[in-house]
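Next come the chains, spelled out residue by residue.
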Amino acid sequence: MRIDVVSIFPEYLAALDLSLIGKARQDGVLDVRVHDLRSFTTDRHRTVDDTPYGGGAGMVMKAEPWALALEAVLADASPAGAADAAGGAPAAHDGTADALPGDGSATVGSTDSASSAGTPSARRRPTLVVPSPAGAVFDQAMAYEFAELDHLVFACGRYEGIDERAIDWARGPFDVRPVSLGDYVLNGGEVAVLAMVEAVGRLIPGVVGNPESLLEESHADGLLEYPVYTKPSSWRGRDIPEVLLSGNHARIAQWRRLEQFHRTADRRPDLLAAVDTATLTKADLTALRAAGFDVVDGMLTRPPH
Ligand code: ADE
């Protein structure tokens, strides 16, 4: 998968050199490129923002540097893509899209569908994720969706946001997705991109060493993960649940599943309410009823305790 990130703070994205994502880049599994938006300005002061039309507090990011940066990303991924974006001739901008220091994977691992799929209409446009508190809320389903893509581009806005005309323009060459990390406001999109790249990247085959661990984690099946324990079995007067020492794998699996429901009911009743009860097995229902859960009007409920 190819990932491009455009930001006025490329250093923020240095964390993508670390841990599993960093290793995946080194291994050529992920091709992550970080670009400095200011490289795509044309004035002496490398201006990326200006005052908002209509007045009000703060500054707005100018459209043109964004269009130039995104055209350069497209041109790099697929020369024909930039021609589409510019409505004819490829972008004439020569600002270099710079990778982070130490970005050894900048030229590896890229398989861009756009360059190989024939006619422009047959080509799949790259997805442009615009982190914004005004976007659709990012969740595990979206992470799975993004993990299927060949090319993800992130546009990190700052200040009051990006001139909306740049976003509208981008809807030509990109599938534009405004995405929020949650219902709170960050200073810019960079932290959101770090979170999204990690959530998406770890779903790409070869990034997480043991793919089985992806199956049994929170949100994989719409429920929160069960509690986990490691040695010693007794710590500061607290013993682990006895069932975990039983060696009975069926009992352990049953206990863990019920713990998922309890935890989800306690912490995320919204997720519990969203469980499709038609997918619950007979064994699930028996265990759930014994534990005080019930199915009312097709919805899983648990009386407060
Ligand atoms: N930029 C500012 N706040 C944000 C949020 N909540 N999610 C994504 N990007 C943001």
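Read on for a plain summary of the structure. (Residues numbered from 1 in each chain as written. Predicted model: local features only at pLDDT ≥ 70, side-chain atom pairs only at ≥ 80, totals over all residues. Heavy atoms only, no water.)

Here we come to the overall build of the chain. Looking only at helices and strands, one finds 9 helices and 11 strands in the chain. Of the contacts formed within the chain by residues at least 6 apart in sequence, a portion of 73% connects residues at least 24 apart. By element, 54% of the accessible surface of the chain is carried by carbon and sulfur atoms, the whole surface being about 16400 Å². (Helix = DSSP H or I, 4+ residues; strand = E, 2+ residues; numbered from the N terminus. Contact = heavy atoms within 4.5 Å. Areas by Shrake-Rupley, 256 points an atom, 1.4 Å probe, with all protein chains shown as cover.)

Before going further, it helps to spend a moment on the site of the ligand. Residues in contact with the ligand, as listed here, are P131, S132, P133, V179, S180, L181, G182, Y184, V185, L186, G188 and A192. The separation between a nitrogen atom of the ligand and a polar main-chain atom of L186 is 2.9 Å. Breaking the shell around the ligand down by element, the ones donating at least two residues are β5 (127-137) and β7 (175-180). Of the residues that constitute the shell around the ligand, the class distribution is 8 nonpolar, 4 polar and no charged. (Near = heavy atom within 4 Å. Polar contact = N/O pair within 3.5 Å; in protein donor to acceptor, adjacent residues only side chain to side chain. Nonpolar A, V, L, I, M, F, W, Y, C, P; charged D, E, K, R; others polar.)

Another point: the pairing of strand β6 (residues 151-155). Burial within β6 is extensive, with 5 of its 5 residues counted as buried. Burial of β6 is two-sided: the residues H151, V153 and A155 facing one way and the residues L152 and F154 facing the other way are all buried. Taken together, the 3 bridges between β5 and β6 define a ladder with parallel strand orientation. Across the sheet, V129 pairs through a bridge with F154, a residue of β6. (Buried < 20%, exposed > 50% of the residue type's maximum accessible area, 1.4 Å probe, protein only. Pairing = 2+ DSSP bridges.)

Taken as a whole and judged by the stated rule, the model has 3 aromatic pairs. Between F261 and F293, the aromatic rings sit 6.3 Å apart at their centres with planes inclined by 70 degrees, giving edge-to-face as the arrangement. Of this pair, F261 sits in helix α7 (residues 249-267) while F293 sits in the loop between α9 (282-290) and β10 (294-296), and the two are 32 residues apart along the sequence. A single burial state applies to F261 and to F293, both of which are buried. (Phe/Tyr/Trp six-rings, centres within 6.5 Å; stacked < 30°, edge-to-face > 60°.)

This part covers the environment of P10. Relative to the helices and strands, P10 is located in the loop between β1 (2-7) and α1 (19-26). Residues P10 and E190, spaced 180 residues apart in sequence, show a C-alpha to C-alpha distance of 8.6 Å.

This part takes up the pairing of β5. In the sheet, β5 pairs with β7 via 7 bridges, with the strands oriented parallel. What sits directly across from T127, in β7, is D175.

What is shown is where atoms sit, not what they do.
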